[in-house]
Amino acid sequence: MAKRGAGAARGMLLAALGGTCWAFSGSCAQLLTTEYGLEPAWIICIRLPFAALLFLAVAVARDRARLAGALRDARSMAGIVLFALFGIILTQLSYLTAISLTNAGTGTVMERLGLVLLTALVCVMGRRLPRKREVAGVALALAGTVLIATKGDFGQLAIPPEALVWGFLLACGFVCYTLLPEKLLAKWGSIVVTGLGMLVAGIVACVAVRPWEAQIEVSWGMLAALAAMVVLGTFLAYLFYLQGVKEAGALRAGLVGCIEPVAATVFSAVWLGTAVTWADVAGMALIIGMVVLVSVRKA
């Protein structure tokens, strides 16, 4: 029993570490878009292919048979392409754009609003009314969003209207990212599906954006931020979080993952000097409350 408890504690610590790495990735994105003037579409053309290579290297080392099987399965590859287009690219582009229009903390909070859409979709598909805790969660999410968008001054928006549009698209991308690969993950495993999905998404993004034609002023600081985003904020974040899910369970890991918007706000404020108001803190607390309410199942 003690060993099981220690494993769960280690799993929650790893999940928290994964969420912190994701938060750090958001701050890197804020730095790259505001300080270095990089476009979100250009960033994903770098982030996705390099992260895909890291995931696929692990897949080759640990799970070569399932990687080969997925590549030979035409139906699975079609599903991975859909996941890449409507899950990965939509999520990445909307996340980075939302951050460029606001900041890392606000962008990460907007991502969590996808749980509201996911809950509504589950209710529709299950042909049932939302439970009391789900209704309360939606109310908290809406209240938190209003606070963050207005900074407590309800007569005007404190963030650009387009940021709310991209935040909604980010929430939609979160739903697609969660639902589209469900069967693929069960069949081929997360490392294989994520690696192939990111590779396909990276290739599509590069063909569409043609990043090699952009006039980019390269500096060591920019390269370091890109490398940190790929290695720490994508690859290691995902590995830590998955191991946390394995050791602590999906529910515990998911709730501990709520540290991500908090950590993103702290990184943004301390590292990048982003101003944080009482309305930001209160709105974030309400949205984290929503995550807890809609995630915890009744015993």
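Quick note: structure is the one above.
Below: a short report on this structure. All residue numbers refer to positions counted from 1 along the written sequence of the respective chain. This being a predicted model, a pLDDT of at least 70 is required before a residue's local features are given, and a value of 80 or more before pairs of side-chain atoms are given or counted; all residues contribute to the totals for chains, interfaces and linings. Excluded from the side-chain calculation are hydrogens and water; included are all heavy atoms of the structure.

## Digging into the environment of Val122
Stage number 1. As for its placement among the helices and strands, Val122 is situated in helix H6 (residues 114–125).
Stage number 2. Classification of Val122 by relative accessible area gives partly exposed; the value is 42%.
Stage number 3. Spatially, the C-alpha atom of Val122 lies 33 Å from that of Val58, the residues being 64 residues apart in sequence. Each helix is a run of H or I in the DSSP string that is no shorter than four residues. Each strand is a run of E no shorter than two, and both are numbered from the N terminus. Think of it in three bands: with a 1.4 Å probe and only protein chains considered, a residue is buried below 20% of the maximum accessible area for its type, exposed above 50%, and partly exposed in between.

## Quick look at unusual backbone geometry
Stage number 1. Phi at Arg127 takes a positive value of approximately 50°, unusual for a residue other than glycine.
Stage number 2. By relative accessible area, Arg127 is classed as exposed at 79%.
Stage number 3. You will see that Arg210, though not glycine, has its phi angle at about 55°, which is positive.

## Remarks on the nonpolar core
Stage number 1. For our purposes a nonpolar core is just a set of buried Ala, Val, Leu, Ile, Met, Phe, Trp, Tyr and Cys residues, chained together by side-chain atoms within 4.5 Å. Counting residues in hydrophobic clusters, the biggest one holds 52 residues, and the most contacted among them are Leu32, Ile43 and Leu196.
Stage number 2. Of all the secondary structure elements, the ones that give two or more residues to this core are helix H1 (2–34), helix H2 (40–62), helix H3 (64–72), helix H4 (74–101), helix H8 (161–179), helix H9 (182–188), helix H10 (190–209) and helix H11 (220–248).
Stage number 3. Excluding its chain neighbours within four sequence positions, the residues that come into contact with Leu196 are Leu56, Leu67, Ala70, Leu71, Met77 and Ile80.
Stage number 4. Among the nonpolar cores identified, the runner-up in size contains 15 residues, and Met284, Ile287, Ile288 and Met290 belong to it. Whether two residues touch is decided by their heavy atoms; if any such pair falls within 4.5 Å, the residues are in contact.

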